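Spelled out, the chains give:
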Amino acid sequence: MVSGLREFDSNRASENARAISFPRETGSKGERQAADFIAKRFRDLGLDVKEEEFTLFFSPWFLLKIGLIIGFILLLLSRLLVNSHPVIASLVIFVLMVAMLFTGPMWQWFGRRGIKNPWGKDRRSKNIIARFPEPETSSGQALYLMAHYDSKSQSLSLGGRIILISATVAGCLLLGLTYLLQARGSVNIIVQDGIFLFVTVSTVILFLNRTDNLSPGGIDNAGSIGLLLELAEILGKNLPKKINVTFIATGAEEEGLMGAYAFLNAHRDELNSERTLILNFDGIGIKGKLRLFSKIKGLPETLSRLPSLPTFSGLMMDHIPFKSEGFKAVTLACVSKEAFKIHTERDTIDLISPEGIGETEGVILDVIKELESV
């Protein structure tokens, strides 16, 4: 690869992003249109393209709904027990909080096995996989560049959900503590009633949170797709001499990373965890806000220098299935107040900028040069 390669056209990347900036919920006509556009662009650039369909399985949202129903029942049970058996009532709240912590691992268990929801409709999506020919002097290093192309809207904004979920968990903890205090005869019943009412109402609101197909998905995740397509165009003109580059546009990320799990389940035997680096792009396009989720050992120095943040529970990104199985996998994302508009009608293409996409481009090209020099 030419060491000074900087042919990235940020405006062209933005136009590719704009071309899919319309509602594209998993299984919708919009998602299919976006997938067709991406596959055609990859083919026009001369890449070998495969479209791998998959059936959606248990989503974390389905599990969350079940969990909220169980949680609501446990809340009522604790209330019935608190006057006669306050310690047992506090244990019920403890069980509720433990169940919340196991939602994530349970979802990952379903994801790794691709287990279908027997009560849901058979919905399908697909991953678009585009490859260059393997380099003649290949070092065996594989680089996967990935971004999801589906979008969704919800009646609760991202910020609203984060605040409400955090407050509900905190409320459960406080409620359990008031039950223990009641066992010692030192509780303020009015405070306890207020906490119980808040936790109950917040649980109902979370349960009623509705998913729709209204978001154009500019930040989440058209900008990243624009980056992916532009990188394919540049690298096609200057093929890496040592590393094998694969592009993956995943579907159904908003359904619980189902596209990433589908790819992993289908290609696990082909992936060498020692020689594979997976870079996922999510929310790319806001200048000066690029972050790494999350820093791990063995990354190229270019990535290690980026400001990093942890992937906390509830934050779903397509690198997670790979990382959980021992692969070097991270997500590059832009973090700013604009990100609170994702999953709403306000997540338009105007929120991202060519300069913001170009910033990530520079990082990725430096990563490729670093890998080529090994």
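Asks: Can you help me understand the overall build of the protein chain in this one?
Replies: Scanning the protein chain from terminus to terminus reveals 11 helices and 10 strands. Here the protein chain has a C-alpha radius of gyration of 23 Å; the compact-globule value for 374 residues is 21 Å, and the two agree. With the C-alpha coordinates aligned to their principal axes, the bounding extent of the protein chain is approximately 75 × 40 × 40 Å. Summarising the internal contacts of the protein chain: among those between residues at least 6 apart in sequence, 86% fall at separations of at least 24. If you sum the accessible surface of the protein chain, you get close to 16,700 Å²; carbon and sulfur atoms cover 60% of it. Separation between the mean location of the 41 positive side-chain charges and that of the 40 negative ones in the protein chain comes to 5 Å.

Asks: Hey, could you run me through the packing of aromatic side chains in this one?
Replies: Any pair of aromatic rings gets described here by the distance separating the centres and the angle formed by the planes. A full pass over the atoms with the stated rule returns 5 aromatic pairs. Relative to Phe263, the ring of Tyr144 has its centre 6.0 Å away and its plane inclined at 65°; by these criteria the two rings are edge-to-face. In this pair, Tyr144 sits in strand β3 (residues 142-148) while Phe263 sits in helix α8 (residues 258-267), placing the two residues 119 residues apart along the sequence. As far as burial versus exposure is concerned, Tyr144 and Phe263 are alike and both buried. Given the relative accessible area of 1%, Phe263 is considered buried. Above the plane of the ring of Phe207 lies Lys65, whose end atom (NZ or CZ) is 4.8 Å from the centre. A cation sits over an aromatic face here: Arg79 above Phe196, 4.8 Å from the ring centre.

Asks: How should I be thinking about the packing of helix α1 (residues 10-19) against helix α11 (residues 354-372) in this particular structure?
Replies: Geometry of a packed helix pair, given as the angle between the helix axes and the separation of the axes. Relative orientation of the contacting elements α1 and α11 amounts to 110°, with a least axis distance of 8 Å. Between α1 and α11, the interaxial angle falls into the category roughly perpendicular. Facing α1, whose interface residues are Ser10, Asn11, Ala13 and Ser14, α11 presents Pro354, Ile357 and Gly358. A per-class count over the contact of α1 with α11 returns 3 nonpolar, 4 polar and no charged.

Asks: What should I look at first to understand the packing of α1 against helix α7 (residues 218-237) in this one?
Replies: The N-to-C vectors of α1 and α7 enclose an angle of 130°; their axes lie 7 Å apart at closest approach. When the axis of α1 is compared with that of α7, the two are oblique. α1 and α7 meet at a crossing whose hand is right-handed. Counted together, Arg12, Ala13, Asn16 and Ala17 of α1 and Ala222, Gly223, Gly226, Leu229, Glu230, Glu233 and Lys237 of α7 form the full contact between these two elements. Residue classes in the contact of α1 with α7 are distributed as 4 nonpolar, 3 polar and 4 charged.

Asks: What exactly am I supposed to notice about the environment of Asp48 here?
Replies: Inspection of the secondary structure assignment puts Asp48 in strand β1 (residues 48-55). When the C-alpha atoms of Asp48 and Arg131 are compared, they prove to be 5.2 Å apart, with 83 residues separating the residues in sequence. Every residue in contact with Asp48, bar those within four places of it in the chain, is listed here: Ile129, Ala130 and Arg131.

Asks: Quick question: what am I supposed to make of the nonpolar core here?
Replies: Formed by 58 residues in total, the largest nonpolar core has its most connected members in Phe42, Leu145, Phe247, Leu279, Phe281 and Leu332. Element by element, the count of residues in this core is highest for α7, at 10 residues. Residues contacting Phe281, with those up to four places away along its chain left out, are Leu145, Met146, Ala147, His148, Asn221, Ser224, Leu227, Leu228, Leu231, Leu332, Thr360 and Ile364. Val82, Ala89, Met97 and Ile195 belong to the second largest nonpolar core, which has 14 residues in total.

Reading guide: rules and limits
- Residues numbered from 1 in each chain as written.
- Predicted model: local features only at pLDDT ≥ 70, side-chain atom pairs only at ≥ 80, totals over all residues.
- Heavy atoms only, no water.
- Helix = DSSP H or I, 4+ residues; strand = E, 2+ residues; numbered from the N terminus.
- Rg over C-alpha atoms; globule rule 2.2 N^0.38 Å.
- Contact = heavy atoms within 4.5 Å.
- Areas by Shrake-Rupley, 256 points an atom, 1.4 Å probe, with all protein chains shown as cover.
- Lys, Arg positive; Asp, Glu negative; His and termini not counted.
- Charge placed at Lys NZ, Arg CZ, Asp CG, Glu CD.
- Phe/Tyr/Trp six-rings, centres within 6.5 Å; stacked < 30°, edge-to-face > 60°.
- Buried < 20%, exposed > 50% of the residue type's maximum accessible area, 1.4 Å probe, protein only.
- Lys NZ or Arg CZ within 6 Å of the ring centre and 35° of its normal.
- Axes fitted to C-alpha atoms, helices over the stretch in contact; angles between N-to-C directions.
- Parallel < 35°, antiparallel > 145°, perpendicular 65-115°, else oblique.
- Nonpolar A, V, L, I, M, F, W, Y, C, P; charged D, E, K, R; others polar.
- Left-handed = near helix turned anticlockwise from the far one by under 90°.
- Core = buried A, V, L, I, M, F, W, Y, C linked by side-chain atoms within 4.5 Å.

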